[in-house]
Amino acid sequence: MAEMNNETNRQHSLNVVEETEIHSEKPTPKEKTKRVASVDIFRGLTVAVMILVDDAGGEWPMITHAPWNGCNLADFVMPFFLFIVGMAIALAFKRIPSRGMAVKKAIIRTLKLIFWGLILQGGYSHAPDELTYGVDMKRIRWCGILQRIALAYLVVALLEISTKSSQAKDLSPGWCSLFKLYCWQWLLGGCVIVVYLGVIYGIYVPDWHFTIHNRDSPNYGKVFTVACNARGKLDPPCNAIGYVDREVLGINHMYENPEWTRSSVCTENSPYEGSFRKDAPSWCYAPFEPEGILSSISSILTTIIGVHLGHVLVHFKSHSDRLKHWVSMGLALLVLGIVLHYTNAIPLNKQLYSFSYVCLTAGAAALVFSVFYVLVDIWGLRYLFLPLEWIGMNAMFVFVMAAEGIFVGFINGWYYDDPNNTLVYWIQKHVFIKVWHSRRVGILLYVVFAEILFWGIVAGILHWLGIYWKL
């Protein structure tokens, strides 16, 4: 999600960072900057996948988040966002002449992201399922997707601004020259890894307890105790990630429906949601923050990798040089993540944002982006991905209206006779489910055509009108 300028100097307001333009392969003195369409398309794909897994994941659990260890389709969404934010940072600040102006822009954008994150994911908005709004400040959720992006964006953007002088330098020969030119950014990445691993394996996690505050739960008011008394564990109840969040954020300000509730230990319906087993351990009822403090610190590394690949666009002028760097680095990260997981050294885990998870998802992002770059920016097959490009150009708008359910919540506010008898429900039931005689297939097609394609067309109309959501 980014804010960009096009070739006619119109403002393209994308979401998190600005400008996805870069010089063409053989620039001339009078040549204007050329947009890298694959950046918009990659961002649009990420938003589209987010809508898909959010709204169809209940029927297709193999695409939703893994209950704990593992990596499903939904687990690629957050790192893909952070990756493309990093790429856009590398392109954005190269054209801002003043460091003071750049810092001001970074701070203001960070505050806007935090504000929208609290409104959309703090609990104030109950869309699309409940026709109510408002949040108890005793139970507001402080963390979320946009807050994590804001943290990673601010840290990496400030570091990019501080190393702005490196952008004007010519690279020395050698594959490692780009790493040397931005060595301070990789030093930060190394510090992130050391701090993260040191904390999760070094902090002692004592026993802890919590109270059920959900009035609709049969266990309302009941106090559960979780036995830990351990150090260095990466299981759901006793990891240091959750311990730090409980101590700093407060357990009442954490996500109340963590993915682990779909694990076989908690429910017999696993991997679907369902009522808890009678012998379910106490931690199954507990909240857990998937965008918490330590995991967000670890996620900064994904953005640093994205910045590095953005620097490839800035400094390398030939398609072959760019692709060699992206593909080799992507494959190396992918293999490292797989090896760490299958040797049981460090498991893939989105909830903990483990180091193996960083490697695998960042490597996958680099490879997917490389594919789009070849198809779109080299082979010129841009027209095949226009809906994704339009979504990428107005990603914040589509994120709020579709992924956060604000538009559907508005539509659901107009019902006939019964609050459950809404237009959305009627379309799902009669246009998709009844036609295919399958709820699973019907919901999947509804999400693809009535949501993703619909918002692609809407975003295309907004693009034609020159309207963009600006952060």
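In what follows, the structure referred to is the one given above.
Attention in this report is confined to the structure presented alongside it. (Residues numbered from 1 in each chain as written. Predicted model: local features only at pLDDT ≥ 70, side-chain atom pairs only at ≥ 80, totals over all residues. Heavy atoms only, no water.)

1. Some thoughts on the pairing of strand β8 (residues 223–226)
Here β8 shows a buried face lined by Phe224 and Val226 and an unburied face lined by Val223 and Thr225. Bridge count between strand β7 (residues 208–211) and β8: four bridges; the pairing is antiparallel. Directly across from Trp208, in β8, lies its bridge partner Val226. (Buried < 20%, exposed > 50% of the residue type's maximum accessible area, 1.4 Å probe, protein only. Helix = DSSP H or I, 4+ residues; strand = E, 2+ residues; numbered from the N terminus. Pairing = 2+ DSSP bridges.)

2. Comments concerning the pattern of salt bridges
Once the charged atoms of two side chains with opposite charge are near each other, the side chains can pair. Inspection of the entire model under this criterion finds nine salt bridges. Linking Arg277 and Asp279 is a salt bridge whose minimum nitrogen-to-oxygen distance equals 3.1 Å. It is possible to trace a salt-bridge network through shared partners that takes in Arg141, Glu289, Glu291 and Lys350. (Salt bridge = Lys/Arg side-chain N within 4 Å of Asp/Glu carboxyl O.)

3. Points about the nonpolar core
Of all hydrophobic cores here, the largest spans 106 residues; its most connected members are Phe93 and Val398. The residues contacting Val398, other than those within four sequence positions of it, are Val47, Ile51, Ile391, Ala403, Trp455 and Ala459. With 25 residues, the next largest nonpolar core counts Ile200, Val205, Ile212 and Cys228 among its residues. (Core = buried A, V, L, I, M, F, W, Y, C linked by side-chain atoms within 4.5 Å. Contact = heavy atoms within 4.5 Å.)

4. So, the state of the cysteines
Evaluation of the coordinates by the stated rule reveals two disulfides. Residue pairing for Cys228: its cysteine sulfur links by disulfide to Cys238, the two sulfurs lying 2.2 Å apart. Because the torsion about its S-S bond is -90°, the bridge between Cys228 and Cys238 counts as left-handed. With Cys228 in the loop between β8 and β9 (230–231) and Cys238 in the loop between β9 and α7 (240–248), this residue pair connects regions lying 10 residues apart in the sequence. Across this residue pair, the class does not change: Cys228 and Cys238 are buried. Between the sulfur atoms of Cys266 and its disulfide partner Cys284 the distance amounts to 2.0 Å. Looking along the S-S bond of the Cys266-Cys284 disulfide, the torsion reads about -85°, which is the left-handed sense. (Disulfide = S-S within 2.5 Å.)

5. Points about the packing of helix α4 (residues 145–162) against helix α6 (residues 183–202)
Running from amino to carboxyl end, α4 crosses α6 at an angle of 150°, the nearest separation of the two axes being 10 Å. Considering their axes alone, α4 and α6 lie roughly antiparallel with respect to each other. Seen from above, α4 lies across α6 with right-handed handedness. Seen from α4, the contacting residues are Val155, Leu159 and Glu160; seen from α6, they are Trp184, Gln185 and Leu188. The class makeup of the residues in the contact of α4 with α6 is four nonpolar, one polar and one charged. (Axes fitted to C-alpha atoms, helices over the stretch in contact; angles between N-to-C directions. Parallel < 35°, antiparallel > 145°, perpendicular 65-115°, else oblique. Left-handed = near helix turned anticlockwise from the far one by under 90°. Nonpolar A, V, L, I, M, F, W, Y, C, P; charged D, E, K, R; others polar.)

Treat this as a map of the structure, not an account of what it does.
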